[in-house]
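# Coordinate analysis (summary)
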Amino acid sequence: VEHNCVSLRGVPGIREEFAEVVLDPVDDEFYAENMFLNFGEVGDNVTRLVDNFKKTSQFHQNVDNAEELLKFAENFPEFRKNSHIVSKHVTLMGELSRRVNQDMLFDVSRCEQDLACRDSEADHRKQVFELLGNEKVSQKDKLRLVLLYALRYEKSFNQGTRQMREMLYKAGLGSDKVALIDAVFRLAGEDKRSGDVFNNKTFYAKAKSTVRRRIGGVENVYTQHEPLLAQTLSKLFNQELEEVEFPTINGDSNTDELGFPPREVIVFVVGGITYEEVKCVELINGNAASQVGSTIHDGSSTAAAMQVAKQHGAKVVLGGSSLLNSESFLNEMARRTSSLPH
């Protein structure tokens with residue numbers, strides 16, 4: 001998605017009118033109601049959208065008197081608009097399904113989520129090597145898997161680094177892409193970042209993550225990860241932020257002098273924000289809870305922040321210098337690290 005537009009040019013059998021489609025929650029009610037749902041849920045709702053439209057179309061086809069004809073004429077612009085929306089989302093869902101199957105995205109996503117949320121080096125190494133050796137997995141997905149593995153197991157990464165690099169070269173990636181493995185350490189290695197990205201810096205964090213996974217806390221392996229921002233906002237609302245990482249201009253950040261919990265929080269990320277962070281903030285603000293409320297894991301930082309925000313009427317405003325996906329992030333990382341010393 002770029003500037004609310006999705007390009008489908010080059011997609012097999014695409015009609016010209018859908019070569020580029022607009023996704024805007026202001027003008028597209030279906031998109032507004034489904035933009036934070038997962039792939040399977042959206043698929044089910046597209047099916048319902050089609051079924052409902054068929055019923056409406058059947059009614060219009062059975063117009064048999066002047067009164068009904070006049071009513072149909074009055075509603076015809078809305079009927080045409082709905083027809084276009086249905087066709088657009090069916091087309092998008094069809095292409096998404098094709099790409100998911102073609103690129104084995106379920107397998108890739110499962111591995112990515114597991115890498116982000118669980119410590120199991122031997123198991124993860126096996127999974128990554130299997131996907132690296134699969135010709136159906138795309139080059140960019142293979143690179144992303146290796147980068148996630150490298151960050152998760154930075155201290156012991158050298159055990160598999162040579163073979164992983166060789167497999168990336170064999171998959172057709174150039175040296176500029178493989179060099180991003182070293183670049184990610186220089187930019188976001190363990191000694192460069194703050195916060196507990198993988199929930200493994202303390203015994204308590206590891207135990208909490210393990211307990212949540214084993215006692216029914218993970219209902220969907222494809223949506224178990226939550227961004228660090230959720231943890232940060234939960235700590236903010238509960239007066240647990242560390243002064244060293246989040247200094248204040250006046251006073252102590254964890255005293256009542258500043259008014260806790262705050263009613264309005266402005267978060268701006270220099271370098272860019274992600275789609276997952278946008279979803280997280282919308283959930284905390286209560287704007288997307290009706291869509292994905294049943295998939296919010298009990299005991300998660302998002303759930304904790306949501307509870308406090310709802311209780312005290314707090315709102316979060318999120319902004320950033322750009323909206324990132326993995327591809328744009330890697331491009332920016334390559335640009336920024338090219339001038340850093342090796």
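The notes below deal with the structure included here. If you're wondering where the values come from, they're calculated on a predicted model, not measured in any experiment.

### Overview of unusual backbone geometry
We note that Asn-4 has phi near 65°; this positive angle belongs to a residue other than glycine. Counting through the fold element by element, Asn-4 comes out in the segment before strand S1 (5-7). Not every positive phi belongs to a glycine, and Met-104 is a case in point at roughly 55°. We classify Met-104 as buried; its relative accessible area is 18%.

### Section: the nonpolar core
Residues Val-128, Leu-132, Val-146, Phe-157, Met-164, Leu-168 and Ile-181 are the most contacted members of the largest nonpolar core, which totals 31 residues. Contributions of two or more residues to this core are made by helix H4 (105-117), helix H5 (121-132), helix H6 (139-152), helix H7 (161-170), helix H9 (180-188) and helix H15 (326-337). Examining the composition of this core, we find that seven residues originate from one element, H6, more than from any other. Sequence-distant contacts of Val-128, that is, excluding residues within four places in its chain, are made with Cys-111, Leu-115, Val-146, Tyr-149 and Met-164. Residues Phe-36, Ala-230, Phe-237 and Met-306 belong to the second largest nonpolar core, which totals 21 residues.

### Regarding H15
For H15, spanning twelve residues, the distance from its first C-alpha to its last is 16 Å, which sits close to the expected 16 Å at 1.5 Å a residue. Along H15, the positions that sit buried rather than exposed are Leu-330, Met-333 and Thr-337. Along H15, the residues classed as buried sweep out an arc of 60° about the axis, all on the same side. If you follow the buried residues of H15, they end up packed against H6 and H9. The backbone nitrogen of Glu-327 lies 3.2 Å from a side-chain oxygen of the residue at the head of H15, namely Asn-325.

### A few points about the packing of aromatic side chains
Counted according to the given criterion, the structure contains five aromatic pairs. On the numbers, 5.1 Å between centres and 55° between planes, the contact of Tyr-149 with Tyr-153 is tilted. Each member of the pair, Tyr-149 as well as Tyr-153, is classed as buried. A ring pair is formed by Tyr-149 and Phe-157, whose centres lie 6.0 Å apart and whose planes are at 55°; its orientation type is tilted.

### Topic: the side chain of Ser-301
Examined against the element boundaries, Ser-301 turns out to sit in helix H14 (residues 301-312). In contact with Ser-301, not counting residues within four places along its chain, are Glu-226, Ala-230, Gln-231 and Ser-234.

### Thoughts on the environment of Ser-97
Structurally, Ser-97 can be placed in helix H3 (residues 66-102). With 54 residues separating them in the primary sequence, Ser-97 and Gly-43 have C-alpha atoms 9.0 Å apart.

Conventions we followed
Residues numbered from 1 in each chain as written. Predicted model: local features only at pLDDT ≥ 70, side-chain atom pairs only at ≥ 80, totals over all residues. Heavy atoms only, no water. Helix = DSSP H or I, 4+ residues; strand = E, 2+ residues; numbered from the N terminus. Buried < 20%, exposed > 50% of the residue type's maximum accessible area, 1.4 Å probe, protein only. Core = buried A, V, L, I, M, F, W, Y, C linked by side-chain atoms within 4.5 Å. Contact = heavy atoms within 4.5 Å. Expected span 1.5 Å × (residues − 1). Arc of directions from axis to C-beta. Polar contact = N/O pair within 3.5 Å; in protein donor to acceptor, adjacent residues only side chain to side chain. Phe/Tyr/Trp six-rings, centres within 6.5 Å; stacked < 30°, edge-to-face > 60°.

These results come straight from atomic positions and should not be treated as a statement about function.
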